Amino acid sequence: EPEVTQTPSHQVTQMGQEVILRCVPISNHLYFYWYRQILGQKVEFLVSFYNNEISEKSEIFDDQFSVERPDGSNFTLKIRSTKLEDSAMYFCASSPGAGIYPLEKLFFGSGTQLSVL
Amino acid sequence: EDQVTQSPEALRLQEGESSSLNCSYTVSGLRGLFWYRQDPGKGPEFLFTLYSAGEEKEKERLKATLTKKESFLHITAPKPEDSATYLCAVQAEGEKGYNKLIFGAGTRLAVHP
């Protein structure tokens, strides 16, 4: 069964450093997302991406964050200058986006655990 | 403000002991309610989507139902492998449309043999 692949599974970085989290969504999916989950808290929406542009972003997704689909298969999340509070599990997700229900079936990757020291 | 509340926070069952998990929501115009299963250290795994009050969906020992204010996930004769955190989410409106999910905090289910 096709799956969303995320690398690395764990990332440790120093505060102020840039990190890039990588994702390979399911091929033929049209919508791409990043969510995050701080330990013990709810899964939170960060950004959605469709047709090579951001279609929605949350208040969390400020100027320090950016997303990119550099080629036909990868989808990346960049944090320019990491803060301690960016420590979380970051999930990439994709959906087929069929019809009027783009979120009907959202497939998540296994996540990248980001630790900012 | 769109909100999702799940109860109980944690539930311990004996194998075969049926029960229900609750998800109450406040959203301006429900576009979809979703149930996911999350195992430790993993991403959420899609279970069901419900769109309108009265709708029901089933998968093995799980059955999801929806009313105008809440959804239930019924677990019939659970097995230890059903142990996981069950997440409820609603499709919420952003600035450019309904492109995001708002998640509840989840119910941690433990099924013991």
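On a predicted model such as this, the values are computed, not experimentally measured, just so you know.

**Student:** Run through the sheet that holds strand β1 (residues 3-7) of chain B, naming residues and quoting values.
**Tutor:** All names here are of chain B. Taking strand neighbours across the sheet as the criterion, the five strands line up as β1-β3-β8-β7-β6 in an open arrangement whose pairing is antiparallel. Every interior strand has two partners, whereas the edge strands, β1 and β6 (56-59), have only one. When the angles between neighbouring strand axes are averaged without regard to direction, this sheet yields 15 degrees. In the sheet, β1 pairs with strand β3 (residues 19-26) via five bridges, with the strands oriented antiparallel. Within β3, the position partnered with Q3 by the bridge is T26.

**Student:** So what's going on with the nonpolar core? Which residues, and what values?
**Tutor:** Ranked by size, the top nonpolar core spans 23 residues in total, and within it B:L33, B:W35, B:L73 and B:Y86 carry the most contacts. Contributing elements (two or more residues each) for this core: β2 (10-14), β3, β4 (33-38), β5 (45-50), β7 (62-66), β8 (70-75), β9 (84-94) and β11 (107-112) of chain B. A per-element tally of this core places β9(B) first, with four residues. The residues contacting B:L33, other than those within four sequence positions of it, are B:C23, B:Y25, B:F48, B:T49, B:L50, B:L66, B:S71, B:C88, B:A89 and B:V90. Of all hydrophobic cores here, the second largest spans 22 residues; its members include A:L21, A:V67, A:I79 and A:V116.

**Student:** An account of the state of the cysteines is requested, with residue identities and associated values reported.
**Tutor:** One pass over the structure, following the stated rule, counts two disulfides over all chains. For A:C23, the disulfide goes to A:C92, at an S-S distance of 2.0 Å. Because the sign of the S-S torsion sets the handedness, a value of about -65 degrees for the bond joining A:C23 and A:C92 places this disulfide among the left-handed ones. Here A:C23 is found in strand β3 (residues 19-24), whereas its partner A:C92 is found in strand β9 (residues 88-95), with 69 residues between them in sequence. Grouping residues by exposure puts A:C23 and A:C92 together as buried. The disulfide bridge from B:C23 ends at B:C88, spanning 2.0 Å between sulfur atoms. Its S-S torsion of about -65 degrees marks the bond between B:C23 and B:C88 as left-handed, since a negative value means left-handed. Residue B:C23 is located in strand β3, and its partner B:C88 is located in strand β9; the two are separated by 65 residues in the primary sequence. For the residue pair B:C23 and B:C88, the accessibility class agrees, reading buried in each case.

Reading the values: rules and limits
Residues numbered from 1 in each chain as written. Chains lettered and ligands numbered in written order. Predicted model: local features only at pLDDT ≥ 70, side-chain atom pairs only at ≥ 80, totals over all residues. Heavy atoms only, no water. Pairing = 2+ DSSP bridges. Helix = DSSP H or I, 4+ residues; strand = E, 2+ residues; numbered from the N terminus. Axes fitted to C-alpha atoms, helices over the stretch in contact; angles between N-to-C directions. Core = buried A, V, L, I, M, F, W, Y, C linked by side-chain atoms within 4.5 Å. Buried < 20%, exposed > 50% of the residue type's maximum accessible area, 1.4 Å probe, protein only. Contact = heavy atoms within 4.5 Å. Disulfide = S-S within 2.5 Å.

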